[in-house]
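Examination of the molecular architecture
So the chains spell out like this:
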Amino acid sequence: MQTIGQALAQNLVDRGVDVVFGIPGVHTIELYRGIEGADIRHITPRHEQGAGFMADGYARISGKPGVVFVITGPGLVNTLTPMAQARADSIPMVVVTGVNRRDSLGKGLGLLHELPDQLKLSQTVAKHAEQVCAANDLEGALDRTFRALSGRPAPVHIEVPTDVMDLEGPDALKISAPTTADVPDLSAIVQRLAQSERPVILAGGGCRTADAALAELAEKLDAPVIQTVNARGLMHGHALTVAASPSLQTVRNLIEEADCVLALGTELGPTDYDMYATGTYPDMASLLRIDICAEQLARHPAEATAVGDVGPCLTQLASTIPARVPGDGAERAHKTRAAALAEVEALAPSYGALIGQVETLRDALPGSIMVGDSTQAIYAANLAYDHDRPGGWFNGATGFGALGYAIPAAIGAALADPTAPIVAMMGDGGAQFTLPELGVASDENLPILFVVWNNNAFLEIANAMEGAGITATGCHPGAPDFEAVAASYRLGFKRTSPDKLREALTQILPLDGPLLLEIDMQGHSSPTD
């Protein structure tokens, strides 16, 4: 005989779940009876927000949903921020929580961790959320919850009342066979692409796993490929790559000069296409779109659309489209790359140097997974930076834009791929949102390079306030002593100045455990430098 908690855990294992990020509490003890006997690695973050961000980073690299176990009430509420970030970036996440006993729900009795309606709260963010009301509900609830991950991925939530967790559960839970969607009819898109003379491709996060097919299609069309932030790393160094933001006017010019624009797995959202909040988008002649989400496709007018997984669609397009004689595609891409970098440096002179520092990190750790927070170095590189690993560049600076993302998400990525170099990049302000999660990297001895650009400020916000004629109020929280922080969590430490970054990297690499590298933007460096 097994309990509902044990049956739930075993079903997760049967679905391929091997890592769970969670913090146990009195309202999840019976769920942990299942974790105890299951073949699941449990990672204990220091805060539920960290658990959610770890699950996000794990999902992006593993390709499997990140799974979170948290308590009812504050556990779920603390997880809503990473759930919202995952929703914005189409990342699969399964959040399992407790909830108070069934006869108390909605009555305001003042129970520990009570919410007026926990399920309704999670439904504001989760793609699907439901409660297991009885023992015989578990199989169906799990099946519906995991099925909701199909289509456009997003976080889902399942809650189990405390008086249901320890009920006798079934010996085994069936798992419905996954449905596989056929490649949609692409004939209208193929025909229009064949007629085009100067096409451009917009590659979004939906292309992350289709690097070879994207390159083949681009070469056959002689089409420059503009990458959104979540597509960076695709076609690294390719002559047709334009790893620069379509918010830049020089990149918009390339789009507007095209006679056909093929948008693949991109929501055309303003954090990629209008980050300066001008209210304008580049004009797109003959816009063709392929996306896994029909609702997303309906939000922008297009000449032709297809609902489907971009990966298989790209493979079919690449095999169907006839190759043409190369024209000026590579030249257009080259000119745009150069013009985009010049535009970024003109907009913010410091950004050019910051992009150079990110490139130094990339070159010192080739093929790395680089996870970023909302900080100036990330803002700069999101505008113009070519990463060298498909799916290896992602950050919290677009979409929902949550601070504190880098440290825990990098930990999740490291657990998903222990063989990859991992770099977490953040400012001193954002680091303090989730600084205690460094303890997890220490607990698990993960060789992550945590890079902190320390300017003792929320400098991007301070600059924006001063630019608007407002005194930079609240923008200068005191930074901690990062060397002491690293020591307290048993991490290695190195301080350097921007001009000595390359030298510092030669001194600390390769890593044999987690290390915190502070880049002091006031120019100070370690006495040993």
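Residues numbered from 1 in each chain as written. Predicted model: local features only at pLDDT ≥ 70, side-chain atom pairs only at ≥ 80, totals over all residues. Heavy atoms only, no water.

Some details on the packing of helix H15 (residues 349-364) against helix H16 (residues 376-383)
- In the contact formed by H15 and H16, the axes pass within 8 Å of each other and the chain directions differ by 90°. In terms of their interaxial angle, H15 and H16 are classed as roughly perpendicular. Of the residues in H16, those touching H15 at Tyr351, Leu354, Ile355 and Val358 are Gln376, Ala377, Tyr379, Ala380, Ala381 and Leu383. (Axes fitted to C-alpha atoms, helices over the stretch in contact; angles between N-to-C directions. Helix = DSSP H or I, 4+ residues; strand = E, 2+ residues; numbered from the N terminus. Parallel < 35°, antiparallel > 145°, perpendicular 65-115°, else oblique. Contact = heavy atoms within 4.5 Å.)

Quick notes on the packing of aromatic side chains
- For the structure shown, the criterion picks out six aromatic pairs.
- Between Phe21 and Tyr58, the ring centres sit 5.9 Å apart and the planes meet at 65°, which makes this aromatic pair edge-to-face. Here Phe21 is found in strand S2 (residues 19-22), whereas its partner Tyr58 is found in helix H3 (residues 48-62), with 37 residues between them in sequence. Here Phe21 matches Tyr58 in class, with each residue buried. (Phe/Tyr/Trp six-rings, centres within 6.5 Å; stacked < 30°, edge-to-face > 60°. Buried < 20%, exposed > 50% of the residue type's maximum accessible area, 1.4 Å probe, protein only.)

A closer look at the sheet that holds strand S3 (residues 41-43)
- Ordered in space as S3-S2-S4-S5-S7-S6, the six strands form an open sheet in which the pairing is parallel. The outermost strands of the open sheet, each flanked by one partner alone, are S3 and strand S6 (128-131). For this sheet the average axis-to-axis angle between neighbouring strands, irrespective of direction, equals 20°.
- Where S2 meets strand S4 (residues 66-70), two bridges bridge the pair, whose relative direction is parallel. Within S4, the position partnered with Phe21 by the bridge is Val68.
- Those strands touched by helix H4 (residues 74-89) are S4, strand S5 (93-99) and strand S7 (155-161), and its axis lies near 165° from that of S5. (Pairing = 2+ DSSP bridges.)

Side note on the environment of His113
- With respect to the element layout, His113 can be found in the loop between S5 and helix H5 (118-123).
- Residue His113 is classed as partly exposed on the basis of its relative accessible area of 22%.
- Other than its neighbours up to four places away in sequence, His113 contacts His27, Ile71, Thr72, Gly73, Pro74 and Asn100.

Brief notes about the sheet that holds strand S16 (residues 393-395)
- Spatially, S16-S15-S17-S18-S20-S19 is the arrangement adopted by the six strands of the open sheet, whose pairing is parallel. If you trace the sheet from one side to the other, it starts and ends with S16 and strand S19 (492-496), each paired once. This sheet shows a mean twist of 20° between the axes of neighbouring strands, independent of strand direction.
- Note: strand S15 (residues 369-372) against strand S17 (residues 422-427), four bridges, orientation parallel. Bridged to Gly372 within S17 is Met425.
- Along the sheet face, H15 touches S15, S16, S17, strand S18 (448-454) and strand S20 (515-520) and points at about 165° away from the line of S18.

Considerations on the side chain of His387
- By secondary structure assignment, the location of His387 is in the loop between H16 and S16.
- A distance of 2.8 Å separates the side chain of His387 from the side chain of Tyr385, its partner in a polar contact.
- Those residues in contact with His387, other than ones at most four positions away along the chain, are Arg232, Gly233, His236, Arg362, Ser368, Met370, Gly392 and Trp393. (Polar contact = N/O pair within 3.5 Å; in protein donor to acceptor, adjacent residues only side chain to side chain.)

Structural notes on the nonpolar core
- With 55 residues, the main nonpolar core has Phe21, Ile411, Ile448, Phe450 and Leu516 as its most contacted residues.
- For this core, the element with the most residues is helix H17 (residues 406-416), which contributes eight residues.
- Ignoring anything within four residues of it in the chain, the contact list for Ile411 reads Met54, Glu437, Val440, Ala441, Leu446, Ile448 and Phe450.
- Residues Tyr385, Val423, Met425 and Leu509 belong to the second largest nonpolar core, which totals 48 residues. (Core = buried A, V, L, I, M, F, W, Y, C linked by side-chain atoms within 4.5 Å.)

A closer look at the pattern of salt bridges
- Under the counting rule described, the total for this entry stands at 23 salt bridges.
- As a salt-bridge pair, Asp18 and Lys64 come within 3.2 Å of each other at their nearest N and O atoms. Highlighted residues: Asp18 in the loop between helix H1 (4-14) and S2 and Lys64 in the loop between H3 and S4, separated in sequence by 46 residues.
- The exposure class of Asp18 is partly exposed, given its relative accessible area of 34%.
- For Lys64, a relative accessible area of 28% translates into the label partly exposed.
- Here the salt bridges share partners, and the residues they tie into one network are Arg15, Asp143 and Arg147. (Salt bridge = Lys/Arg side-chain N within 4 Å of Asp/Glu carboxyl O.)

What to know about the pairing of S7
- For S7, the buried fraction is high: seven of the seven residues fall into the buried class.
- Alternating positions in S7 separate into two faces, Pro155, His157, Glu159 and Pro161 on one and Val156, Ile158 and Val160 on the other, with burial throughout.
- Both S5 and S7 contribute to a ladder of seven bridges, which runs parallel. Looking across to S7, one finds that Val96 is bridged to Ile158.
- You can see the chain leave S6, run along helix H6 (residues 138-147) and come back into S7, and the turn it takes is right-handed. (Right-handed = clockwise from strand over helix to strand, strands pointing away.)

Overview of the confidence of the model for the protein chain
- Summary statistics for the protein chain give a mean pLDDT of 94 and a share of 99% for residues scoring 70 or more.
- Confidence drops under pLDDT 50 across residues 525-529; counting only partners more than four residues distant or on other chains, this segment forms 12 contacts. (pLDDT = per-residue confidence, 0-100.)

Notes on the pairing of S17
- Counting buried positions along S17 gives six out of six residues, so the element sits mostly inside the fold.
- The alternating pattern of S17 places Ile422, Ala424 and Met426 on one face and Val423, Met425 and Gly427 on the opposite face, and all of these are buried.
- Of the pairings in the sheet, the one linking S17 to S18 comprises six bridges and is parallel in character. Pairing of Ile422 across the sheet is with Ile448, part of S18.

As for a nonpolar patch on the surface
- A grouping of Val26, Ile29 and Leu112 is seen on the molecular surface, where their side chains present a nonpolar patch of about 310 Å² in accessible area.
- Within the element layout of this structure, Leu112 appears in the loop between S5 and H5.
- Overall, the relative accessible area of 53% leaves Leu112 in the exposed class. (Patch = residues over 30% accessible without salt bridge, like charges linked within 9 Å, V, L, I, M, F, W, Y side chains within 5 Å. Areas by Shrake-Rupley, 256 points an atom, 1.4 Å probe, with all protein chains shown as cover.)

Structural notes on the side chain of Asp417
- By secondary structure assignment, the location of Asp417 is in the loop between H17 and S17.
- In this structure the side chain of Asp417 is engaged in a polar contact, spanning 3.0 Å, whose partner is the side chain of Arg389.
- When residues no more than four places from it in sequence are discounted, the contact partners of Asp417 are Ile61 and Arg389.

What to know about unusual backbone geometry
- Put simply, Leu509 and Pro510 share a cis peptide bond, and its omega is 0°.
- Positionally, Pro510 belongs in the loop between helix H22 (501-508) and S20.
- Despite not being glycine, His113 has its phi angle at roughly 65°, a positive value.
- A positive phi is found at Leu268, a non-glycine position, where the angle reads about 60°.
- You can see Leu268 is positioned in the loop between strand S12 (260-264) and helix H11 (270-273).

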